[in-house]
Amino acid sequence: MTNRRLSNSTLKALPASVAVPRYARGGVAPGIVHLGVGAFHRAHQAAYVDDCQAAGEADWGIVGVSLRSPDTRDALMQQDGLYTLAIRSSIGEELRVIGSILSLLVAPEDPAAVLAALTDQRTRIVTLTITEKAYLRAAGGGLDSTHPDIVHDLANPQMPRTAHGFLTEALSRRRFAGIKPFTVLCCDNLPANGATLHRLLVEFAALRDPGLAGHIADGVAFPSSMVDRIVPATTDTDRARIAVELGIEDAWPVMTEPFCQWVVEDDFPAGRPVWEKFGVTMVGDVGPFEDMKLRLLNGSHSAIAYLGLLSGYDTVDRAFANQAIRQFVDGLWAEAIPTLPQDAGLDTAGYTAQLAERYSNTALAHRTAQIANDGSQKLPQRIVASALDRLSAGDPPAHLMLVVAAWIAACEARGKTLPEAHFTDPIDTPLTALGSRPADETVTAIFDLAGFAKDHSHRMTLIDLTAAHLERLRRGGPAAAFVALGIGSEKP
């Protein structure tokens, strides 16, 4: 096997079965800056942009920006930004080389270069996949103005660390130079993600300059979007297998599933690619689609992750194949579906049937530990919001609150039945400091730490339900919790 790397010069050497960019990459101009250039972006938005470029839209190339690690840049820049997308199903694998990323920057190394890319008048869209925790929200949902990185960016606007700092400084520079603002397109799993980011950025800018805050509030578009594609972490085994298939090395291929969905609010004053030609759903209101995905897919994903970890399953397909967990997920969906907009024409039956098929994909090997990360940031919109809506309608959220209890139990299991750092959470330090307490005290303290249902009239009901579940999980594991819900009687 040769040690040649994937690059522009080696594309012609790839097997005919591998799809490659069908356009001259040298003629593509940058039009999008993406913050958070991880595996999900490369399996999702970058693939859609690659489709557009193949159809002749050559002015929407991507400048990828990592806000933290140089790993992706180091891997891909030796490959001219190219990488392999491995689309895996239970019946086979399709390989496709993506060419839409033109260059990669690492913000901590060169913030000036990132600001230059954002200020470039050719940049008309900035997309983000920086994960929920990077939005630096306080427990009440507003900006955490005391966060050290926020404090730093306010004091050092020319050398930002956060997405807030980069976006605000770039919009300020564009305003001063008379360049129209770019559109900010959030692609993270936040409720009303465009409106949420808009509010946070206005809050941040107001701490710098009220005039700039007004400009961002009134003059910058923040369409919401809903993204969906399962993207497991790439392993060394994946790299080795892809290298054999290609006949050359790819330092960072991306694994994904055949399913891909992107629903976007159509508000792009500076222009956009014709995404709808390639499967993107352009809508006036993304809210119903977003709610369905957050509550049915992301909520059940978290459930499978935490209950799977507690039951000894390391991948989603193995956990979902367990009859008790599968039955629990059906119950979870039955509780969540009535909380969705009933007049939006959502096909929840078709959607959940599709989810069940996706979760059963044995080729994907989506690790439960990967999904388990950052539960304190994810569960409010995936689980707690549905539970509060259930209670407001007079219905119990028993299945929903077991997910929160399973998250707490999985956190407690680290260093015991699970490896010490099997998954992580932003509140790990205070979580660890809680030590061993009765279930009701533990749950109350964690609700305080994570800000779950803060100031809501049903908060104590959620705490009581979660504590009862946690007590059963501590005593008898998932089997005991399932029996209390009328699910089976055998150990999962």
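Going by the structure above, here's the rest.
Residues numbered from 1 in each chain as written. Predicted model: local features only at pLDDT ≥ 70, side-chain atom pairs only at ≥ 80, totals over all residues. Heavy atoms only, no water.

Topic: the nonpolar core
Here is a general trend for soluble globular proteins: nonpolar side chains tend to be buried in one another's company.
Alright, step 1. In this structure, Tyr306, Phe328, Tyr359, Val404, Trp407 and Leu462 are the most contacted members of the largest nonpolar core, which totals 71 residues.
Alright, step 2. Ranked by residues supplied to this core, first place goes to helix H16 (residues 398-413) with 13 residues.
Alright, step 3. Non-local contacts of Leu462, meaning those with residues more than four positions away in its chain, are made with Val384, Ala387, Leu388, Leu391, Pro397, Met401, Phe447 and Ala453. (Core = buried A, V, L, I, M, F, W, Y, C linked by side-chain atoms within 4.5 Å. Buried < 20%, exposed > 50% of the residue type's maximum accessible area, 1.4 Å probe, protein only. Helix = DSSP H or I, 4+ residues; strand = E, 2+ residues; numbered from the N terminus. Contact = heavy atoms within 4.5 Å.)

Focus on the pairing of strand S3 (residues 83-89)
Each regular strand carries side chains that alternate between the two faces of the sheet.
Alright, step 1. In terms of burial, S3 is largely enclosed, as seven of its seven residues are buried.
Alright, step 2. Residues Tyr83, Leu85, Ile87 and Ser89 of S3 are buried on one face, and the alternating residues Thr84, Ala86 and Arg88, pointing to the opposite face, are buried as well.
Alright, step 3. As defined by bridge partners, S3 adjoins strand S4 (residues 92-98) across seven bridges and the pair is classed as antiparallel. Across the sheet, Leu85 pairs through a bridge with Arg96, a residue of S4.
Alright, step 4. Sheet topology places S3 next to strand S9 (residues 254-256); three bridges connect them, and they run parallel. By the bridge assignment for S9, Ile87 is matched with Thr256. (Pairing = 2+ DSSP bridges.)

Topic: the packing of helix H10 (residues 287-310) against helix H15 (residues 375-392)
Alright, step 1. Here H10 crosses H15 at 120°, and the two axes come no closer than 10 Å. Taken together, H10 and H15 sit at an angle that is classed as oblique. Crossing of H10 over H15 shows left-handed handedness. Residues Leu294, Arg295, Asn298, Gly299, Ser302 and Tyr306 of H10 form the contact with H15, whose participating residues are Gly375, Leu379, Gln381, Arg382, Ile383, Ala385, Ser386 and Asp389.
Alright, step 2. Tallied by class, residues from the contact of H10 with H15 come to five nonpolar, six polar and three charged. (Axes fitted to C-alpha atoms, helices over the stretch in contact; angles between N-to-C directions. Parallel < 35°, antiparallel > 145°, perpendicular 65-115°, else oblique. Left-handed = near helix turned anticlockwise from the far one by under 90°. Nonpolar A, V, L, I, M, F, W, Y, C, P; charged D, E, K, R; others polar.)

Let's talk about the pattern of salt bridges
Alright, step 1. Applying the stated criterion to the full structure yields 27 salt bridges.
Alright, step 2. A salt bridge links Arg124 to Asp59, with the shortest nitrogen-to-oxygen separation between them at 3.8 Å. In this pair, Arg124 sits in the loop between helix H4 (111-119) and strand S6 (125-128) while Asp59 sits in the loop between helix H2 (45-54) and strand S2 (61-66), placing the two residues 65 residues apart along the sequence.
Alright, step 3. Across the salt bridge formed by Glu203 and Arg199, the nearest N and O atoms sit 3.5 Å from each other. Here the residue Glu203 and the residue Arg199 both occupy positions in helix H7 (residues 193-208), the gap between them amounting to four residues, near one helical turn.
Alright, step 4. A residue is classified by how much of its surface remains accessible, and Glu203, at 28% relative accessible area, is partly exposed.
Alright, step 5. Via salt bridges that share partners, Arg88, Glu93, Asp238 and Arg241 belong to a single interconnected network. (Salt bridge = Lys/Arg side-chain N within 4 Å of Asp/Glu carboxyl O.)

As for the packing of aromatic side chains
Alright, step 1. Applying the stated criterion to the full structure yields eight aromatic pairs.
Alright, step 2. With a centroid separation of 5.4 Å and 40° between ring planes, the pair formed by Tyr48 and Trp262 is classed as tilted. Here Trp262 lies in strand S10 (residues 261-265) and Tyr48 lies in helix H2, a separation of 214 residues in the sequence. Judged on exposure class, the residue Tyr48 and its partner Trp262 are both buried.
Alright, step 3. An aromatic cluster is built from Tyr48, Trp262, Phe268 and Trp275, whose rings are joined through pairwise contacts.
Alright, step 4. Above the plane of the ring of Trp252 lies Arg239, whose end atom (NZ or CZ) is 5.7 Å from the centre. (Phe/Tyr/Trp six-rings, centres within 6.5 Å; stacked < 30°, edge-to-face > 60°. Lys NZ or Arg CZ within 6 Å of the ring centre and 35° of its normal.)

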